[in-house]
Amino acid sequence: MAVLRHMGFPTHWRDIIWECISTVSYSILINGTPSTTLRPTYGLRQGDPISPYLFILCMEVLSRQLSMAEKTKTFTGIKISRYAPTLSHLFFADDALLCCKATPASFEVIRDLLKKFEVASGQMINLDKSYIKFSPNSPADFQAHMKSILKMPTVSHFGDYLGVPIDIPRKKTEPFLPLIDKLNTRITSWFALHLSQSSKLVIISSILLASFNHILSCVPIPHGVCRKIDALITAFWWRSDWNKKSIHWLRRDILQSPKSYGGLGIKNTFVLGQALLLKKFWHITSQPSSLLAKFWTAKYQKDLPIPRSKSLVSNASYAWSGICRTVHLSKEGICWKIGSGKLINIWSSRWVHGELPTPNPLCHEPLPPISSFILPYRDWNSIMLFRYFSAQTAKVIIAMEPPVPEIDDFIYWKFTEDGSYSAKSGYCFLWSQTSSGSSVQSSAPRFPWHIVWKKTLSRKLSLLLWRMAHNILPTNANLLSRGLNVAQECHFCHNSVESMDHLFRSCLLTQHLWKSCWLGINSTANPLTPFGTWVADLLSYLSHHSLRQNKDYTLIYFCSLIRAIWTSRNLIVFQNHPVDPGFVYRLTDELVSSCTQLQMGRSLFTPPALCFSPAATTGTSSYQSGSCWITVSTQRYSASTIFTCSFWDSALGRLLSHEIRAGTSFDASAKALAMRYAQRMDYSTVSFRVTCRKLSSVLANLMPVPITVRNSVFRIRTLFALRSLWSVSLATG
């Protein structure tokens, strides 16, 4: 409470906090019966969500004391490089890491501060769980003398912290072996639940891979460990019993492919680690004022702004070496946005819409700086561009927005609209660069995967369609091809080999089911059509053309009937269930009902979409002197990057037109509003009406600013900040 008072928290707020922590009572269960209540006289309430925040505020006192002692030079922190800031302490939850030079004076100061903190807070430090680690060049007798000051044991390795190994030896796999054992134990415990494959897919994506995301984002895990983790996850997917082997119907790289390429979207552990490490690099470049960025920038400034495949610093850490390799693999996605142009190499930097520029083969003159290609009124000098660059590159540069000298050059991620890096986009790019990703992309079967994974279908229906598309259902024909000794005849008609084509299309019972249902499908109309093509064509047709004015219901019924046929076949095989077409129809209706209820439940809990309500604009007849409204619209010339920008000025009562080069209509609208024409107007009150809804949403901060118009939006906001009576709204009508 004293800390809250000194930090200036209001009295009423402090009283509420005191009521929360002073009215705590406990009771102990003794033989199933609660005892009398006990009222604690010390400490915060256990399990209260506000307790961690109060604990952090109390730890702030110790942090301030350590910082003050460092400022008064009673003890000195450490530096990881000559120009790096001094590091004295790092706190995380209830753990503290104190760093100082190994001198008796520094140890005595730390001892006194810790004793003062114990007396003030009542939190005793457990000396048996606290350790001292000296640098390797410290003599043994000196370590013994220093250890006697703090009364703590010494260690040569800190071990793990939050699962991340701190001291990584030369054999990189050893610190990560406990991760495999932990994963194996967790998977083994789940087999007793007899999970379905749809449940396993959720567990793999949401629990297994997420459980060690923190480790992957800190240090690169070796290839061998990642392969063992992937093997455990793959075995968990295919097996129904951990002690029994099962058939792995597909290769692992297909399972790890995105759903749009016929995979299940299970992440490759090594590629996921690279994507998360790349996010760490992006944190350094986008937030240079953070503590991590200051330390790494000071030590690895030779490797920045874009590291090479191998660090130029001789004693680079294991984590930074992994980041350098990842950034080198992702260099095609790391592009430059021109500001002042000082950091960009014109030929080796990707600054032309994320691509390298192409020189003019007829020009042999030395290339001038980028500032020479900008006219005084901030537009591209088209004559010089066509002189030094190829015609195609010059057209692309002219369509780009010109740079802003007041802003420094910065890098952005090519595969997101706003240029900010995301682990999802980084993983997709890095996966496509691997050999397995390239082979899967080239050999992926043509199938409407977007329909298979529609949200209106349950996960079980989607997985059944996915297995049918890959021909990996355990029919008798597929089991015989895998070497299993099973009967080959169909369990419905006992006349032909039970293949997928026969079971779902050619069998007499199946033909009757398709014709008798309300879909009225003649499954044998085109017998020469392959089964996969037949299913894909029906899925595409039913998804686009509704037979009952409800395309989702039609698609759900088709998939549910397939599921009912497969379920009926399994009941006949494993439970001797009789062949009954009526049972198949009843099961189909149940599946349709469950999918419909699932769809209704999702629609009920869907968060409402943000709707942008344009600001009300003043009518044309009520404007005072010096005010007007201006409508800004753009129109593209056919098959070109030239747009006609039209300004309808109500004060002048006429239409002004300008030609603008841009890539899209949205870019043209943003460049038009940032043109010098708007800056030259001397109206006191102006209401701009833009016809581009996306631009109005960007200016209203309803969506991130796309990287292609970042400079234009910066100019627009600067212009409108200087003119408080100017506004932008969406043109209606």
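Residues numbered from 1 in each chain as written. Predicted model: local features only at pLDDT ≥ 70, side-chain atom pairs only at ≥ 80, totals over all residues. Heavy atoms only, no water.

Asker: Looking at this model, I keep getting lost on the overall build of the chain. Mind explaining?
Answerer: Secondary structure summary: the chain contains 29 helices and 13 strands in total. For the chain, the spread of C-alpha atoms along the principal axes amounts to about 95 × 90 × 65 Å. By residue count, 42% of the 733 residues in the chain fall in the buried class. By sequence separation, contacts in the chain at least 24 residues apart represent 58% of the contacts at least 6 residues apart. Of the roughly 40,200 Å² that the chain leaves accessible, carbon and sulfur atoms contribute 55%. Here the chain contributes 77 positively and 42 negatively charged side chains, and the mean placements of these two sets differ by 3 Å. (Helix = DSSP H or I, 4+ residues; strand = E, 2+ residues; numbered from the N terminus. Buried < 20%, exposed > 50% of the residue type's maximum accessible area, 1.4 Å probe, protein only. Contact = heavy atoms within 4.5 Å. Areas by Shrake-Rupley, 256 points an atom, 1.4 Å probe, with all protein chains shown as cover. Lys, Arg positive; Asp, Glu negative; His and termini not counted. Charge placed at Lys NZ, Arg CZ, Asp CG, Glu CD.)

Asker: Sorry, what's going on with helix H6 (residues 177-190) here?
Answerer: Helical geometry: 3.6 residues make up each α-helical turn, so side chains three or four residues apart lie on a common side. With 14 residues, H6 should cover 20 Å at 1.5 Å per step; its first-to-last C-alpha distance of 21 Å lies within 8% of that length. Burial in H6 covers these residues: Leu179, Ile180, Leu183, Ile187 and Trp190. Burial along H6 is one-sided: seen end-on, the buried residues are contained in an arc of 95 degrees. Exposed residues lying more than 90 degrees from the buried face of H6 are Asp181, Lys182 and Thr185. The elements touched by buried residues of H6 are helix H7 (197-211), helix H8 (213-218) and helix H9 (223-238). (Expected span 1.5 Å × (residues − 1). Arc of directions from axis to C-beta.)

Asker: Could you clarify how one ought to interpret the pairing of strand E4 (residues 95-98) in this entry?
Answerer: The two faces of the sheet receive side chains in turn, since in a regular strand these alternate between them. Strand direction decides the pairing type here: strand E3 (residues 89-92) and E4, joined by 4 bridges, are antiparallel. If you follow phenylalanine 91 over to E4, its bridge partner there is alanine 96. Following E3, the chain reverses through 2 residues before pairing antiparallel with E4; alanine 93 in that reversal takes a positive phi of roughly 55 degrees. (Pairing = 2+ DSSP bridges.)

Asker: Would you explain the environment of glutamine 301 in this entry?
Answerer: Assignment of secondary structure puts glutamine 301 in the loop between helix H12 (291-299) and helix H13 (318-329). Glutamine 301 gets classed as partly exposed once you look at its relative accessible area, which sits at 45%. With 246 residues separating them in the primary sequence, glutamine 301 and phenylalanine 55 have C-alpha atoms 36 Å apart. When neighbours within four sequence positions are excluded, glutamine 301 is seen to be in contact with Tyr83 and Trp296.

Asker: What's the story with the side chain of serine 390 in this structure? I'm lost.
Answerer: One can find serine 390 in the loop between helix H14 (382-388) and helix H15 (391-399). Polar side-chain contacts of serine 390 include one of 3.1 Å to the side chain of threonine 393. (Polar contact = N/O pair within 3.5 Å; in protein donor to acceptor, adjacent residues only side chain to side chain.)

Asker: I would appreciate a short explanation of a nonpolar patch on the surface in the present structure.
Answerer: On the surface, a nonpolar cluster with roughly 530 Å² of combined accessible area is contributed by Leu90, Leu97, Tyr131, Phe158, Ile166 and Leu291. On the basis of relative accessible area, leucine 291 is assigned to the partly exposed category, the value being 46%. (Patch = residues over 30% accessible without salt bridge, like charges linked within 9 Å, V, L, I, M, F, W, Y side chains within 5 Å. Salt bridge = Lys/Arg side-chain N within 4 Å of Asp/Glu carboxyl O.)

Asker: Where do I start with the nonpolar core in this structure?
Answerer: Most often, soluble globular proteins keep nonpolar side chains buried together rather than apart. Ranked by size, the top nonpolar core spans 141 residues in total, and within it Trp351, Met468, Leu539 and Phe558 carry the most contacts. Ranked by the residues each element gives to this core, the list is headed by helix H24 (residues 551-575), at 12 residues. Excluding anything up to four places from it in sequence, phenylalanine 558 contacts Trp514, Leu519, Ile521, Leu538, Leu539 and Leu542. (Core = buried A, V, L, I, M, F, W, Y, C linked by side-chain atoms within 4.5 Å.)

Asker: For this particular structure, what's the right way to read the packing of aromatic side chains?
Answerer: Aromatic ring pairs are reported here in terms of the distance separating the ring centres and the angle at which the planes meet. Scanning all chains against the criterion turns up 32 aromatic pairs. An angle of 45 degrees between the planes, with centres 6.1 Å apart, marks the rings of tryptophan 190 and phenylalanine 236 as tilted. Taken together, the positions of tryptophan 190 in helix H6 and phenylalanine 236 in helix H9 put the pair 46 residues apart, joining distant regions of the chain. Per residue, the accessibility class of tryptophan 190 equals that of phenylalanine 236, and both read buried. On the basis of an interplanar angle of 70 degrees and a centroid distance of 6.1 Å, the ring pair of tryptophan 351 and phenylalanine 389 is categorised as edge-to-face. Of this pair, tryptophan 351 sits in the loop between strand E7 (334-337) and H14 while phenylalanine 389 sits in the loop between H14 and H15, and the two are 38 residues apart along the sequence. The two residues tryptophan 351 and phenylalanine 389 agree in class, both being buried. An aromatic cluster is present here, built from Phe281, Trp282, Trp413, Phe415, Tyr421 and Phe429 joined pairwise through their rings. For lysine 259, the ring lying beneath its charged end belongs to tryptophan 453, and the centroid distance is 4.5 Å. (Phe/Tyr/Trp six-rings, centres within 6.5 Å; stacked < 30°, edge-to-face > 60°. Lys NZ or Arg CZ within 6 Å of the ring centre and 35° of its normal.)

Asker: Could you clarify how one ought to interpret the pattern of salt bridges in this entry?
Answerer: For side chains bearing opposite charge, pairing can occur when the charged atoms are close. In this structure the tally under the stated criterion is 12 salt bridges. With a shortest N-O distance of 2.6 Å, aspartate 167 and lysine 133 are connected by a salt bridge. With aspartate 167 in the loop between strand E6 (164-165) and H6 and lysine 133 in the loop between helix H4 (104-121) and helix H5 (140-150), the pair connects residues that are 34 residues apart, well separated along the chain. For aspartate 167, a relative accessible area of 22% translates into the label partly exposed.

Asker: What is the right way to look at the packing of helix H11 (residues 269-286) against H13 in this model?
Answerer: To describe two helices that pack against each other, one gives the angle between their axes and the distance between the axes. Two numbers describe how H11 lies on H13: the axes approach to 9 Å, and their chain directions differ by 95 degrees. The angle between H11 and H13 falls in the class roughly perpendicular. Contact residues: H11 offers Gln274, Leu277, Leu278, Lys280, Phe281 and Ile284, while H13 offers Trp320, Gly322, Ile323, Thr326, Val327 and Leu329. Looking at side-chain class alone, the contact of H11 with H13 contains 8 nonpolar, 3 polar and 1 charged residues. (Axes fitted to C-alpha atoms, helices over the stretch in contact; angles between N-to-C directions. Parallel < 35°, antiparallel > 145°, perpendicular 65-115°, else oblique. Nonpolar A, V, L, I, M, F, W, Y, C, P; charged D, E, K, R; others polar.)

Asker: What's the story with unusual backbone geometry in this structure? I'm lost.
Answerer: For residues other than glycine, phi is negative in most cases, and the peptide bonds are mostly trans. For the bond from leucine 304 to proline 305, the omega torsion is 5 degrees, close enough to zero to count as cis. Along the chain, proline 305 turns up in the loop between H12 and H13. A positive phi angle, near 60 degrees, is found at lysine 151, a position not held by glycine. One non-glycine residue, histidine 494, adopts positive backbone phi at about 60 degrees. Note on histidine 494: relative accessible area 52%, which makes it exposed.

Asker: Which parts of the structure should I look at to understand the confidence of the model for the chain?
Answerer: For residues with low pLDDT, the predicted coordinates do not support detailed interpretation. For the chain, per-residue confidence averages 85 on the pLDDT scale, and 93% of positions sit at 70 or higher. Confidence drops under a pLDDT of 50 for residues 604-625, and excluding neighbours within four residues, the segment shows 17 contacts in the predicted structure. (pLDDT = per-residue confidence, 0-100.)

Asker: Looking at this structure, I do not really get the environment of phenylalanine 415. What am I missing?
Answerer: Relative to the helices and strands, phenylalanine 415 resides in the loop between strand E8 (410-413) and helix H16 (423-433). Note on phenylalanine 415: relative accessible area 39%, which makes it partly exposed. If we skip the residues at most four places from it in the chain, phenylalanine 415 touches Gly333, Ser425 and Phe429.

Asker: Teacher, can you tell me more about the environment of cysteine 218 here?
Answerer: When you line up the elements, cysteine 218 lands in helix H8. What makes cysteine 218 partly exposed here is its relative accessible area of 21%. For cysteine 218 and serine 198, which are 20 residues apart along the polypeptide, the C-alpha to C-alpha distance reads 31 Å. Every residue in contact with cysteine 218, bar those within four places of it in the chain, is listed here: Val164, Leu277 and Ala319.

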